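Here are the chains, one letter per residue:
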Amino acid sequence: MNRRLTNLPCFRIALLFPILSVLCSVPPAAAANWTVRAQPTRLVNGGPVLFQVKPPDSLESLSGTWLGHQVSFSFDAASKTWFALAGVSLETAPGSYMLELTGETRAGKVSGTKISFSRKFAVGRAKYPKIAVKLSVEGKFTEPTPEQEKQIEEGQQVKKDYLNRVTPEREWSGKFTAPADAEISDVFGSQRIFNGKTSSPHLGLDFRVPSGTPVAAMNDGTVLLARPLYFEGNFVVVDHGQGLLTLYLHLSEFKVKEGDQVKRGQEIGLSGGTGRATGPHLHVAVRWQGTYLDPARLLSLRLP
Ligand SMILES: [Zn+2]
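Residues numbered from 1 in each chain as written. Predicted model: local features only at pLDDT ≥ 70, side-chain atom pairs only at ≥ 80, totals over all residues. Heavy atoms only, no water.

Draft legend 1. A look at the coordination of the zinc ion. Ligation of the zinc ion by protein atoms is provided by His202 (NE2), Asp206 (OD), Asp206 (OD) and His283 (ND1), these donors lying 1.9 to 2.7 Å from the ion. Around the zinc ion, the four donor atoms sit at angles spanning 54 to 157°, and that spread fits a shape best called irregular. On the primary sequence, the residues serving as donors to the zinc ion are separated as H-x3-D-x76-H. In this pair, Asp206 is assigned in strand β14 (residues 205–207) and His283 in strand β22 (residues 282–288), connecting sequence segments 77 residues apart. Relative accessible area serves as the criterion here: at 3%, Asp206 is assigned to the buried category. (Donors = N, O, S within 2.8 Å, 3.2 Å for Na, K, Ca; no water. Tetrahedral: all angles 85-135°; square planar, octahedral: opposite > 155°, others 65-115°. Helix = DSSP H or I, 4+ residues; strand = E, 2+ residues; numbered from the N terminus. Buried < 20%, exposed > 50% of the residue type's maximum accessible area, 1.4 Å probe, protein only.)

This is the structure:
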């Protein structure tokens, strides 16, 4: 009924001013009260993203889908905003992608009613270094023996079992902080060559630290893995919830065990050169729902 009433004056305006009729023909936006923002404002492949949503009603829960992943939101009472960390895989082609949101209204209002909204976000292409790094690693990593082959397979199975896990509940809180106060020796996305063979892109961030340097958890979470693996060496993985994991490789010593709760800045191990490493350094990686994201971009986000 409202549309008929509002369309009537538009019809008259259209006769007089054809250009204005275009504006009048836009249907009333029923979802105009949703505010959906992303940080950073320019999304890129390999980058994390913080979605912040202000729905028109009080909600019991809010979830979404983004690039084929389920996204679960947390509520910040102070700003009345729902937020979630998500990401864009390195392989995602530039383009426009839809974030689809579904919320359930709070009991007392029109209890349990589902409301939804969607908004498109543009994803650009990030510039990652294409400089090939010539590194020489021990033959056991490029031409493994059958026994080493077995250890590699075991490591792959562990990673398959653990690294794609999604704990919907958020444990992270506030900004992610660097695991060590040290110079960066290799960035995310750079292409490497091992013994003349081109390897996959570097999926983490390297810190130039001598062996024995304390390594800190980048945010609050639960220790998902703390064990030695063939390539990773002594390996710690912290689950921060909302599908976000941080990985710490090549450690010389563990300071936590699987199942431990850790706080941001808490020592989780000492750096080293265990596993496939050309020398002592700290390799950290960030995974969101099975895809690697640029840790440096995560560190630069301002988070609630
Ligand atoms: Zn690395």
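Now that the structure has been shown, the text picks up again.
Draft legend 2. View of the pairing of strand β21 (residues 267–270). Of the strand pairs in this sheet, strand β15 (residues 214–216) and β21 are connected by three bridges, and their pairing is antiparallel. Bridging across to β21, Ala216 finds its partner in Glu267. Alignment of strand β19 (residues 253–254) against β21, held across two bridges, turns out to be antiparallel. Paired with Glu253 across the bridge in β21 is Leu270. (Pairing = 2+ DSSP bridges.)

Draft legend 3. Quick peek at the sheet that holds β21. Taken in spatial order, the three strands line up as β15-β21-β19 in an open sheet, and their pairing is antiparallel. Here the strands that pair on one side only, and so sit at the sheet edges, are β15 and β19.

Draft legend 4. Highlighting the pattern of salt bridges. Following the criterion strictly, the structure yields nine salt bridges and no others. The shortest N-O distance in the salt bridge between Glu232 and Lys159 comes to 2.5 Å. You can see Glu232 sitting in the loop between β16 (221–229) and β17 (233–239) and its partner Lys159 sitting in helix α4 (residues 146–162), a full 73 residues away along the chain. Of the charged contacts, one joins Asp220 and Lys263 as a salt bridge, the two residues approaching to 3.5 Å between their closest N and O atoms. Here the residue Asp220 occupies a position in the loop between β15 and β16, and Lys263 occupies one in the loop between β20 (261–262) and β21, the gap between them amounting to 43 residues. Judged by relative accessible area, Asp220 falls into the buried class, the value being 14%. Owing to a relative accessible area of 53%, Lys263 belongs among the exposed residues under this scheme. (Salt bridge = Lys/Arg side-chain N within 4 Å of Asp/Glu carboxyl O.)

Draft legend 5. Layout of the packing of aromatic side chains. According to the stated counting rule, one finds nine aromatic pairs in the structure shown. On the numbers, 5.3 Å between centres and 50° between planes, the contact of Phe51 with Phe121 is tilted. Taken together, the residues span a long stretch of sequence, with Phe51 in strand β3 (residues 48–54) and Phe121 in strand β9 (residues 114–124) at a distance of 70 residues. Grouping residues by exposure puts Phe51 and Phe121 together as buried. (Phe/Tyr/Trp six-rings, centres within 6.5 Å; stacked < 30°, edge-to-face > 60°.)

Draft legend 6. Structural view of unusual backbone geometry. A cis geometry characterises the amide bond from Gln39 onward to Pro40, with omega recorded as 5°. Structurally, Pro40 can be placed in the loop between β1 (35–39) and β2 (43–44). With a phi close to 50°, Lys80 is a non-glycine residue in the positive phi region. Assignment of secondary structure puts Lys80 in the loop between β6 (74–76) and β7 (81–87). Of note, Gln289 is a non-glycine position whose phi angle comes to about 50°, a positive value.

Draft legend 7. Structural view of the sheet that holds β9. Spatially, β2-β9-β8-β4-β5 is the arrangement adopted by the five strands of the open sheet, whose pairing is mixed. Only two strands of the sheet have a single neighbouring strand rather than two, namely β2 and β5 (69–72). Here four bridges tie strand β4 (residues 59–66) to β5, and the two strands are oriented antiparallel to one another. Note that in β5 the partner of Ser63 across the bridge is Ser72.

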